[in-house]
Amino acid sequence: MRALFTFIYCIFISIHLIAQPPTPGKPQVKAVALVGGTAHLGNGQVIENAIIAFENGKLTIVASAATANFDRSGYDIIDVSGKHIYPGLIAPNTRLGLDEVSAVRATRDFSEVGGINPNVRSLIAYNTDSELIPTTRANGVLIAQVVPQGGLVTGTSALVKLDAWNWEDAAVKEDGIHLNWPAMFVAGGIWYDPEPIKKNEGHPKILDELSRTFADALAYSQVKNPSPANLKLESMRGLFDGSKNLYIHANYGKEIIEGVQFAKIHGVKKVVIMGGEDAWMVVDFLKENNVAVIVSELHRLPTRPEDDVDLPFKLPAMLSKAGILVGLSYPGETKNYTNLAFMAGTAAGYGLSKEEALTLVTANNAKILGIDNQAGTLEKGKDATLVVSSGDLLDMRTNDVTYAFIQGRQIVLDNKHKRLFKRFDEKYSTK
Amino acid sequence: MNKKFLLLGGLLLLKVHLFAQVTFPRNGVYDQRSRMYAFTNATLHTDYQTTLEKATLLIKDGLIEAAGANLQVPNGYVKVDLQGNHIYPGLIDLHTFYSMPEVPKPAPKNGPQMESAKKGPYSWNQSIRPETNASEQYKLNAKEAEEMRSLGFGTVLSHIPDGIARGSATLITLHEGLENEATLKQKAAAWYSFNKGSSTQDYPTSLMGAIALLRQTYLDADWYKKGGSAKEQNLSLEAFNQLQNLPQFFEVSDKLNVLRADKLGDEFGIQYIIKGAGDEYQRIAEIKATNASLVIPVNFPNALTVDDPQDVVMIPIADMKHWELAPANPAALAKAGITFSLTSSGLKDKKDFWNNVRKAIQYGLPDNEALKALTYTPAHLIKADNQLGSLKKGMLANFIITSDNLFSEQNTIYENWVQGYKYVVNQLPVTDIRGVYDLRVGGQTGMKLLVSGKAGNPEFAVQAGKDTLKVKATRSASNLLTLAYSPDKKSKKGENRLSGWIEDKTLKGEGITAEGTPVKWVATYSEAFKQAIPAKKDSAAKADVASLGKVTYPFNAFGVDTKLSAENIIIKNAMVWTNEKEGKLDNTDVLIQNGKIAKVGKNLSLAGARTIDGTGKHLTAGIIDEHSHIGISNGVNEMAQAVTAEVRIGDVVNSEDINIYRQLAGGVVASQLLHGSANPIGGQSALIKLKWGASPEEMKIPNADGYIKFALGENVKQANWGEAYGIRFPQTRMGVEQVFMDAFTRAKEYEQAMKAYNSSKNKIGTPPRRDLELEALVEILNNKRFITCHSYVQSEINMLLHVADSMGFKVNTFTHILEGYKVADKMKAHGVGGSTFSDWWAYKMEVQDAIPYNAALMHKVGVTTAINSDDAEMGRRLNQEAGKTVKYGGVSEEEALKMVTLNPAKLLHLDNRMGSIKPGKDADIVLWSDHPLSIYARAEKTFVDGILYYDLERDIKLREELKAERNRIVRKMMDAKNGGAAAESPALKKTQIWHCEDIGGIEE
């Protein structure tokens, strides 16, 4: 048995030796200006023939060439004429850096045992050397939320920059705690012979357990040096002073209502709904309670046969038009995250303008996740975290990222896919 | 003390009486009787279409001696004057498990069980149990007998509902005597199903596996008969053969399985009698075309609880509509001229039987059809119409005595005679005393006594002045009567209590008034009672059949109630992506005529053709998904064995899957429905066009080549199935190769043996056993079946090419083929195509080197390259996935589009009729709102064979209609619930979405 483990270990060693994620970008030393491009600011505005300049990692000029009095000296000038500039996209609800080969248990670090784990932190397990990070950013994603999954209260998520030597460098902030809302309906039967979904009889009991945890945590947070100390309750303090979000993962309309009311009753200051497949059923409730929704992947099937075939595609538009703050994610398998831009593209195909759709994955995600002071839009004073694409970033037909910067550091856009492509393209080209 | 003895003696007498078989010794004095009874003055229904008034039925020794009007009753008969009461033939239920043991549920297990756990020389498969004889396990269950008799049944066909071949059923009466006496036929029929029942063995894990297993069993049994028994003794096959001359019954779970069972029977020259599920009206034309007779339940669903408007969303429209339409199923069958019998099986409470039969009648089933379905038809189907189902000389004395028309709500079943033995259901009144009487109580006159309700259980009321006073009454079998009522409505002083007897049409006796005064009373018959049925009830008697919702095809959301047909259409002025050498043609017209593309050009016109403006839009060939698992019933993997070439997706195409519609909305027109990837050699594919609303058979592409799924790598070696799955060979890529070598070696030997035998002059000796698995492999060797092989890493791709070369076959397509880019040159040399994902990777070990540039590299080398979905969701935006090949590797846009249209058509050998916009090809085309590779493009119109199966405008209309239909049924359910009907909590049936690696929670 030990021999087998050694053997497996060796395999992984060798993989790591082969794999070479690109070296993180060097800190910005000289001011950079992107000129001639079309800037999509992420807040709905577009600047044609723009000058986007940044220094020491911060944006210094975001303006039209026509109006700006711009002196080129002192800048590294990058001509991006005909190209498009966007804020780096923000991908909520990922397990990036926690899941390398999903089917191989040794490489899965995203689901802890136990039902209530608010104290479990994704940040300290985030692997900056994951091969998936360079492929994720290849299409414009530069910031991700890394979320523990599994159980009821799954843990504390972190926002990370997708280019770093280690998780300390990567950290933007630890932003909140995640709660998988207990289902009201559960499936029966076995996989090849599913029985009708039934009401979850265990629902009240689970709710009761959750209630006790949240009530205890609120009481605990009101004491300065509680004894005995409790790691779980301690980790929940931020929910009651507004420094952390409570992300309630819920899809069904009544679950959303139940979850939001639960959070309010228990003194949670900031609540975000994650998923929200059926949020269209409860728009008035969400609006009245000022609750934002980060919609899960649009590339999914409608929940029910009777749903409009395009219901998932038009959900962001339905919620946005009702005045709800909407973000967008592409959770689930690690291969999905790189396609986040196309989720926004889909929303644009179904009821939103392209600029409105862009805000979902930039300004809105930043605002909901609590980093709009530094990311999400191209505005003077914010981080120079941005991408340049030869064409429309939101359409796979035209998405072609040629430059990316995180806090002014230029990112090497190479990745495993490109390396293998190059190798075999050369093989067949020389034949 | 004496009385007790008498009572006991009475019981003993009864016992002796019932104990009357020839070979059985008896204790005491023999007491043999001829049981001769004459029932006179009866309304005699001798069969479902003949009624004789004032008729006589003579029975003797358990058989009918005579039945008719104007019969003389010879001496020696006990006379029973029925005074107009009805006699019907005893009812027959063909689908029962009466007096049979419970079938054990298989315990959940972890890990494989590849071999049968049954002891003895029986079938290799535990679910093949033809050796089971219900008769041998028949142990009288008096409670069940009484329950069935109380409904009017006298005879049942009973079997043990366990397994795919279930063995023989026994035809027995519901007489509570010895099993020997009640048995009419020990082996009366054989039963089959698609359900493996108590079998703990893995195979089959899928519906298509069950079908293949039964097909192979027919072949094995035939081989056994022709000499195979010399090579292998097999009690199951022996029994299987012995049952073949009996009526063959097949139990299925839904309408599509009716079609599947019938098709299976056709192959072996067998016309099954099919026990359906009650949803046959949803595919009535196809079911009629099977010519099968049916056994149909009346277990109509209850209304659902619909109080919560959010929870209502959870109820599938199909369930809602079925609730409304199920009671009309028997009427629909009768109208279509389908032979069917009714069964009480499936009812949660058997007491609902008559309510539901009456409901079926209210929904349009004629009375005589109902009676036929309960008497003549079942007797005929079980080949016992010389004994059962009507009342003629020499037939069994099985009949029921009822107060009224059997189907009337007023009816009471009094007695159920079985084999000449009397069983009382309700006491037969000596006289029917219903009527209006002049009542005198002591000195009080001018009152009326009203006797109404059922003859067997009349209701009494006293009319005094304007008051109608309720009467509590008891009436004994010996015609004694007790009545009690308050003298007037407001009275609190007590009741008048009357005791008396019935004498002809006069009721009389003595009593005590509320005040305590003794009185004499008499009620004299004045006139017949006019059943004052409340007007409300009268209208409820016939359901408003015209207002019922329409049956849609398929029976699901967005189904259509009238069949769509091909139109002649000119699409004007579009950007036409021809996929031919002409390339993209701007501002061009396309004429579709008779389901084909007729012309491509400018300024086209045709008289009578509809014009669609394509200005600013793009027209392309329809998308073809080379790798799909939509539209499949009950399992995509037959995963119990490493080689399952015998199973066929074509047997389990599911025309009702909503994903067919959703994919049309994504511009998909055709799909290869593939077996999963759990085995090195999986099952045979079905190639279908997405003809929404058509039947499974209509969807199949005619004359398409046969395909089969192969698979390599982690799935077939069960690498991700958990610790328990380390038993099945192969567990390594080394073993996978040997599975192929072995299978094709056997296939070659098989082919030779078959050829040798078939070409031998005298065909001496046992013919080789036909083997469905090897037959499919022989087809591959002979270029009659083509391989789509699930594959990931380069070593295994290379391996299969070597196996193919050494065994003399070609691999047609590698599917997924995520490392195809590493061996593209070898693929090109072998002439094999690649059908891949655009950008999937990372989820398991064998996709670590998967890159989104794969398609571009294979294409560059010259491999015919397609992009597939393997996923119901991705399948509806394959155009976008093709768009990614422009981004990853710089494929030209026209070539990119071909990867989801013309190239899959080539891989499926359909490019001579599909895949491009060229005159003469099938009109499978899509009109897009935008550039077809763009994320912003929507399929606005999707044509298949010239029929507009998806139209965005119509879709929007259908959405509104769907909402209205739901609201209508919700209101109706609420009415039903408020009217006192039973209601159930809503339940949402999750649509099963298959991926090729679905084996129980493990995906991809």
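Residues numbered from 1 in each chain as written. Chains lettered and ligands numbered in written order. Predicted model: local features only at pLDDT ≥ 70, side-chain atom pairs only at ≥ 80, totals over all residues.

The name recorded for chain B in an unreviewed UniProt entry is Amidohydrolase family protein, from Rhodocytophaga aerolata.

An unreviewed UniProt entry annotates chain A as Amidohydrolase family protein originating from Rhodocytophaga aerolata.

Each helix and strand counted, chain B has 25 helices and 43 strands in total. Overall, chain B is about 115 × 70 × 55 Å in size when its C-alpha atoms are taken along their principal axes. For chain B, the residues scored as buried account for 52% of the 1004 residues in total. When contacts within chain B are restricted to residue pairs at least 6 apart in sequence, long-range pairs at least 24 apart make up 68% of them. (Helix = DSSP H or I, 4+ residues; strand = E, 2+ residues; numbered from the N terminus. Buried ≥ 20, exposed ≤ 12 C-beta atoms within 10 Å, placed from the backbone. Contact = placed C-beta atoms within 7 Å.)

All names here are of chain B. Overall, mixed pairing links the three strands, which are arranged β31-β32-β34 in an open sheet. Sheet topology places β31 (623-628) and β34 (686-689) at the edges, where each strand pairs with a single neighbour. Neighbour-to-neighbour, the strand axes of this sheet turn through a mean angle of 15°, independent of strand direction. One ladder, built from four bridges, connects strand β32 (residues 668-673) with β34; its direction is antiparallel. Across the sheet, the residue bridging to L673 is A686, located in β34. (Pairing = 2+ DSSP bridges. Axes fitted to C-alpha atoms, helices over the stretch in contact; angles between N-to-C directions.)

This next bit is on the domain arrangement of chain A. All names here are of chain A. If you check the domain split of chain A, you get domain 1 (19-88 + 377-431) and domain 2 (89-375). Taking only C-alpha atoms into account, the centre of domain 1 sits 29 Å from that of domain 2. Opposite the 34 residues of domain 1 that make contact, domain 2 presents 31 residues. Elements represented by at least two residues in the side of domain 1 that touches domain 2 include exactly β5 (84-87), β16 (386-389), β17 (401-406) and α12 (416-429). No other element matches β17, which puts three residues into the side of domain 1 that touches domain 2. In terms of residue class, the side of domain 1 that touches domain 2 is built from 16 nonpolar, 12 polar and six charged. (Domains from an automatic or database assignment. Nonpolar A, V, L, I, M, F, W, Y, C, P; charged D, E, K, R; others polar.)

The subject of this paragraph is the UniProt feature "domain: Amidohydrolase-related" (unreviewed entry) in chain B. All names here are of chain B. The feature "domain: Amidohydrolase-related" (unreviewed entry), as annotated in UniProt, sits at residues 311-404 and 856-941 in this numbering. End-to-end, the C-alpha atoms of residues 311-404 are 44 Å apart, and along that stretch the chain is 46% helix and 9% strand. Helix makes up 33% of residues 856-941 and strand 12%. Its end C-alpha atoms lie 29 Å apart. (UniProt positions renumbered as here; feature names shortened; annotations may be inferred.)

Before going further, it helps to spend a moment on the UniProt feature "domain: Amidohydrolase-related" (unreviewed entry) in chain A. Feature annotation in UniProt assigns "domain: Amidohydrolase-related" (unreviewed entry) to the following positions: residues 314-409 of chain A. In this annotation, residues 314-409 of chain A is assigned 35% helix and 15% strand; the end-to-end C-alpha distance for the span is 36 Å.

All names here are of chain B. If you walk around this closed barrel you meet the eight strands as β18-β19-β20-β21-β22-β23-β24-β25, and the pairing is antiparallel. When strand polarity is set aside, the average angle formed by the axes of neighbouring strands in this sheet is 30°. As paired strands, strand β23 (residues 496-503) and strand β24 (residues 506-512) are joined by seven bridges and run antiparallel to one another. Bridge assignment links R497 to a residue of β24, and that residue is I512.

Right, let's get into the nonpolar core. Residues I248, V293, A344 and A347 of chain A are the most contacted members of the largest nonpolar core, which totals 384 residues. Here the element with the most residues in this core is helix α4 (residues 207-225) of chain B; it accounts for 10 residues. Apart from residues lying up to four places away in sequence, A344 of chain A is in contact with L328, A357, L358, L360, V361 and L394 of chain A. (Core = buried A, V, L, I, M, F, W, Y, C linked by C-beta atoms within 7 Å.)

Here the focus is the confidence of the model for chain A. For chain A, mean pLDDT is 93; residues scoring 70 or higher make up 94% of the total. Counting interchain partners and residues more than four positions distant, the pLDDT-below-50 stretch residues 1-18 of chain A has zero contacts. (pLDDT = per-residue confidence, 0-100.)

Turning our eyes to something else, we now look at the interface of chain A and chain B. Every contact between the two is made by 46 residues of chain A and, on the other side, 63 residues of chain B. Broken down by secondary-structure element, the contributors of at least two residues to the side of chain A that touches chain B are β10 (185-190), β11 (193-199), α7 (253-265), α10 (340-349) and α12 of chain A. Considering only residue class, the side of chain A that touches chain B consists of 23 nonpolar, nine polar and 14 charged.

For the rest of this paragraph, the subject is the environment of F460 of chain B. Inspection of the secondary structure puts F460 of chain B in strand β20 (residues 457-464). Through-space distance from the C-alpha of F460 of chain B to that of Q684 of chain B is 71 Å; in sequence the pair is 224 residues apart.

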